[in-house]
Amino acid sequence: MTKTPRRPASGLPDKATLLAFLTEAGGAEKTDIARHFGLKGEDRRRLREMMRELEAEGLLGKRGRKTFSPAGDLPPVGVADVVERDLDGDMYVRLVDASADAPKALLVPESGPRAAPAPGMGDRLLVKFVKAEDGWEARLIKALDAGTNRVLGVIRKSNKETRVEPVDRRSKDVLVIPPLQAADLRDGDLVLASIEKGEQRYGPKRGKILESIGREDDPRAASLIAIHAHGVPTGFSEAVEREALDQALPTLKGREDLREIPFITIDPADARDHDDAVYAHRDEDAKNADGWIVWVAIADVAAYVRPDTSLDREARAKGNSTYFPDRVEPMLPEVLSNGLCSLKEGENRACLAVRMVFDKDGRKTGHRFVRGLMRSHAKLSYEQAQEAIDGRPGDATGPIMDAILYPLWNAYHAMLKGRLKRSPLAIQSPERRIIMAPDGGIAAIEPRKSLEAHRLIEEMMIQANVCAAETLEQKRTPLIYRIHDTPSQEKTFNLADFLQTIGKPWNKGEAPTTKRLNKLLDETRDTPHADVVNEVVLRSQMQAIYSPDNIGHFGLNLDRYAHFTSPIRRYSDLIVHRGLIRALGLGKDGLTDREVAELPAIAEQVTTTERRSMAAERDAMDRYIAAFLEDRVGATFPGRITGVTRFGLFVRLEETGADGLCPVSSLGNEYFHHDDRAHALVGERSGQRWTLGRQVEVKLKEATPITGGLLFEMLSDPAPRDPNAPAPRYGVRTRDRGPGGNGPPKRGSKRPGGPKPPSGGLKGVRKGKRR
C-alpha cells in the first residue's frame, strides 16, 4: 500500500531525487518508478544501472522480490510477523518476505478499551509503520491469523528427528523441526513453534521454533504453559514500572480523616495485598434500636492509576490479575499492589470507604461514600479471626475481641437475616487448593475450608457493591454492572427433564427463581441425589458478565450490583471507583467523558480477560493435579460421576477433586445409548446405567502432567436397568475387550486428553472470587 507523490518533471532523476521519491511513496517497483518519471528506452536502462549502484552503496533496499525503498525504510502500512521478544517483554515485527537484515519495528501495544489481546510470537499482523527517534515503531491495525499457526509444545528427540508434541490435549499438530534448528534443543524443552506453510500432503507438519519457554520438568511448568497457551500478559513495561514508582504517599488533602476508626483486614493467610478493610459498631440512633453501622474501606487505586496514563493502559489491557498456585500475574505492579494500594497494618493509606446502616433485621436503610485516609489496626487471616470467635483468641486477636471482632460478628448476624430473606442461590461448590512445597513441587491438595469468617467478609463486600451501584444510579452516572441472567428456557427445560428421572416434579412453565431452586436443593440435601441435583442446578446457570446495561444479578437475587471492592486486581472495580469520584465530586481523577462513551467496550473487554484468566487458572490446576497423581498410577480411588457424554464418563476423585475420563470403551461389551435428558449412559442389551452423580471406584491408568489429562478405568458395576424406562434404540459401540474385558479401549479413547469435563456456571462467592 503506497501513496502517490506529486509528479515531477519528466527525465532521469539523480540519486537523491530517486531516494526522496521512494521515501515519500513508501517504496515502489521499477516499472512504477519509470512511469512516474516518464522514462523510456535508454533512460530506463540508465535507471536500472543507477539502482544497482545505490544497492551496492547500501542506500537502496528491496522488500520482497520487486519493491524497492531506501535501505532501512519501511512502508506506511504492511503485513508483518512477530519475530522477537526482548527481556522486557516488548515484541518486534518484521515485514513478511523481507530479508534477514531488514529493519525490525517495535510493536506498540494498543490502548483503549477496544484493544485486542496482545499478539504473540509468530502472529501475523497488519501494521502501520512510523519512524521514531530511536528506530521504527509498528502500530497494530489488525491481527490477521493470530495464534492459528502456533503450537505450544514439548521437544521430543529421537535418532531420526526432533518433534514438538503439543501440550493442548485437543491438538493433533505434531511438528517436525529442521535439524539446524534442533541442534540446540534438548528433550523436554518447552517451546513455542509455528507451523510452516507450504504443500505437505503426508506425515507430520514442519515447524519452526519461535521461542524457548522453559523445561517440562520445571515444577512451575504448569503455570508457564497456561500463561502462554491462553495469552495471559506478563510483566510490565519500563514506562509502567517508572510511573508506579513515581507516586507519593497519601495525605489528608481532599480526604476525610478515618485513621481513628479501627479498621481491620481479614484475608487468606498467604495474601500479599490487602484491598479491603472492615469495621462495625452499634448504631447510637434511637430510631434504629439494635441496628448496626458497618464500614467497608477499599484501597483508593484511582488516586494512583489515572486515566490515559501508561499504568491505566496496561491495567486495562490485562483486565484483571490471574492467580496460579505458584505465582500471580498481577494487574498492577507490585510497588502499588503490595505497596501504596495495600491497606497495611499501621500505615496511612488512601481509601474510598462506604458507611452502611442496617436495622436489626439486616435491612440496609442508608449509606454514604467517603474518600478518606485510613490506618489498619490489625491484619488477620480468616483462620485467626474464626478461631478467636470460636473461643480461642491469640496474641493478635485477644486485645481486639470486645472492641472490634464481637461487633463485627454481631453486625454480620443481623445482616444474615436480610440475606436469608433475600434468598440468594445456595449452591454448594466444594473447592480444593494446592499446597506448594519449598522446592516448587506439590506438597498436598486439600479442600478449602468454608468458615463463617469467609461468609462475613463476603456479605459485607456484597453490600458495599450494592451501595456503589445504587449511588451511581441515583447520581445518574453511567457504570459497569456485574450482571447474571436468569437461566434460559432451554437450561430450565433440561433441568426439569432430569428432575423427572429422579421423581422430583418441576413444571416446565414455572419460572426459575433462587427461592424455588433453594427449595429444591434443601429437599434433596440429605438424600442420595444431593450431589447430582447440586451439579445439575449449577449447570443450569448462565455465566455472570460485565455490562453497562442492567438486568440484575440472578444468583445473588439483587436488582443492581457492581464490582467495587477489588480495584487492585479487577479493572471493572477501578472504573466503578472513578464513577463514584465523578458522581460525588471527590476529585479530578474520576471517570472521563471518553470512558463514559467507551463503557460498552470496556465491559466487553474485562469480561473477555476474566474468562481468559479463568481458563488459564483451570488449565494450570489440571496440570498440577496430574503431576501430583503421576506417581500413583495404578492406585484406586473413590469418586463420583460428574459428567456423562457419548464418549464416556467424567469422574471426580473425592480425595483431590481431580477430574478424569473413563472412556465408553471401558464400561462394558455392548452398545451404550447416551440419554442426555437423564444424564446417563444406558446399555442397549442389558439396560444397565451409568448416571450423573453416582459414587464409583476407579483405577488411575494414566496421568499426563504436560496436558493435565487423567485416564481412569472403571472398577464399579453399573446400576441395574430402570424398570420404567424404555429400551434405548440407538447406541455407542464399545470395543469387545476379550473374555476378561481387559483389552485396550478403542483407538482414540485412551488418551488422557480428549474433551474437558463439563464446567458449571455460577461458582461460590467467597471474598476474591469472581461473583
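Predicted model only: the values in this text are computed from it and were never measured.

Draft legend 1. How the structure looks around the overall build of the protein. In terms of helices and strands, the protein carries 17 helices and 34 strands. Across the 771 residues in the protein, those meeting the buried criterion constitute 51%. In the protein, 67% of the contacts between residues at least 6 apart in sequence involve partners at least 24 apart. When the accessible area of the protein is evaluated, it comes to approximately 36500 Å², of which 48% is carbon and sulfur surface.

Draft legend 2. Representation of the sheet that holds strand S5 (residues 105-108). If you trace the five strands once around the closed barrel, you get S3-S4-S5-S7-S6, paired in mixed fashion. Across the sheet, the mean angle separating the axes of adjacent strands is 55° when strand polarity is ignored. One ladder, built from five bridges, connects strand S3 (residues 77-85) with strand S4 (residues 91-95); its direction is antiparallel. When the bridges of S4 are listed, Ala80 appears paired with Leu95.

Draft legend 3. Main features of the packing of aromatic side chains. Evaluated as defined, the whole model comprises four aromatic pairs. With centroids separated by 5.5 Å and ring planes inclined at 70°, the aromatic side chains of Phe21 and Phe37 adopt a geometry described as edge-to-face. Here Phe21 is found in helix H1 (residues 15-25), whereas its partner Phe37 is found in helix H2 (residues 30-37), with 16 residues between them in sequence. Under the relative-accessibility criterion, Phe37 is labelled buried at 3%. Considering the side-chain rings of Phe263 and Trp295, the 6.2 Å spacing of their centres and the 90° angle between planes classify their relative orientation as edge-to-face. With Phe263 in the loop between strand S13 (256-257) and strand S14 (264-267) and Trp295 in strand S16 (residues 292-299), the pair connects residues that are 32 residues apart, well separated along the chain. Neither residue differs from the other here; Phe263 and Trp295 are each classed as buried. One residue, Arg482, lies across the ring of Tyr546, its end atom 4.5 Å from the ring centre.

Draft legend 4. Region of the structure containing helix H3 (residues 42-56). The terminal C-alpha atoms of H3, which comprises 15 residues, lie 21 Å apart, in line with the 21 Å expected from a rise of 1.5 Å per residue. Residues of H3 that are buried include every one of Leu47, Met50, Met51 and Leu54, and no others. Down the axis of H3, the smallest arc covering the buried residues is 100°, so these residues share one side.

Draft legend 5. Focus on helix H7 (residues 310-318). The element H7 is largely enclosed, with a buried count of seven among its nine residues. Residues Ser310, Leu311, Asp312, Glu314, Ala315, Arg316 and Lys318 constitute the buried set of H7. Buried-residue contacts for H7 involve helix H6 (238-245), helix H8 (334-340), helix H15 (571-584), helix H16 (593-597) and helix H17 (599-629). A positive backbone phi angle near 80° is found at Gly319, which sits one or two residues after H7.

Draft legend 6. Structural context of unusual backbone geometry. A positive phi is found at Ser423, a non-glycine position, where the angle reads about 60°. Assignment of secondary structure puts Ser423 in the loop between helix H10 (401-422) and strand S22 (432-436). The exposure class assigned to Ser423 is buried, which follows from its relative accessible area of 12%.

Draft legend 7. The arrangement of the sheet that holds strand S10 (residues 175-177) in detail. Pairing is mixed in the closed barrel, where five strands are placed in the order S8-S9-S10-S12-S11. The average angle at which neighbouring strand axes cross in this sheet is 50°, direction not considered. The pairing of strand S9 (residues 162-166) with S10 spans three bridges and is classified as antiparallel. Bridge pairing links Thr162 to Ile177 in S10.

Draft legend 8. Region of interest: the environment of Lys515. Position of Lys515 among the secondary structure elements: in helix H13 (residues 514-524). Since its relative accessible area comes to 57%, Lys515 is described here as exposed. Counting along the chain gives 90 residues from Lys515 to Leu425, while the straight-line C-alpha distance between them is 7.4 Å. For Lys515, the residues in contact, after removing those within four places along its chain, are Lys421 and Ser423.

Draft legend 9. Broad picture of the nonpolar core. The biggest cluster of nonpolar side chains holds 47 residues, and the ones touching the most others in it are Ile264, Val296, Leu408, Met460 and Phe564. Looking at this core element by element, the count peaks at 10 residues for helix H11 (residues 452-474). Setting aside anything within four residues of it in sequence, one finds Met460 in contact with Val278, Val294, Val296, Met356, Leu408, Tyr412 and Met415. Core analysis: the next-biggest nonpolar cluster, separate from the first, contains 46 residues, Ile442, Ala658, Cys662 and Leu681 among them.

Draft legend 10. Highlighting the confidence of the model for the protein. Confidence along the protein averages 85 in pLDDT terms, with 87% of residues attaining 70 or more. Note that residues 734-754 has pLDDT below 50 and, in this model, 39 contacts with residues that lie over four places away or in other chains. Segment residues 759-769 is flagged for pLDDT under 50; beyond a separation of four residues in sequence, or across chains, it makes 36 contacts in the model.

Draft legend 11. Representation of the environment of Phe712 within the structure. Within the secondary structure, Phe712 sits in strand S33 (residues 709-714). Between the C-alpha atom of Phe712 and that of Leu661, which follows or precedes it by 51 residues, the distance is 5.8 Å. When sequence neighbours within four positions are dropped, the list of residues in contact with Phe712 reads Val651, Leu653, Asp659, Gly660, Leu661, Cys662, Pro663, Val698, Lys699, Leu700 and Lys701.

Reading the values: the criteria
- Residues numbered from 1 in each chain as written.
- Predicted model: local features only at pLDDT ≥ 70, side-chain atom pairs only at ≥ 80, totals over all residues.
- Heavy atoms only, no water.
- Helix = DSSP H or I, 4+ residues; strand = E, 2+ residues; numbered from the N terminus.
- Buried < 20%, exposed > 50% of the residue type's maximum accessible area, 1.4 Å probe, protein only.
- Contact = heavy atoms within 4.5 Å.
- Areas by Shrake-Rupley, 256 points an atom, 1.4 Å probe, with all protein chains shown as cover.
- Pairing = 2+ DSSP bridges.
- Axes fitted to C-alpha atoms, helices over the stretch in contact; angles between N-to-C directions.
- Phe/Tyr/Trp six-rings, centres within 6.5 Å; stacked < 30°, edge-to-face > 60°.
- Lys NZ or Arg CZ within 6 Å of the ring centre and 35° of its normal.
- Expected span 1.5 Å × (residues − 1).
- Arc of directions from axis to C-beta.
- Core = buried A, V, L, I, M, F, W, Y, C linked by side-chain atoms within 4.5 Å.
- pLDDT = per-residue confidence, 0-100.

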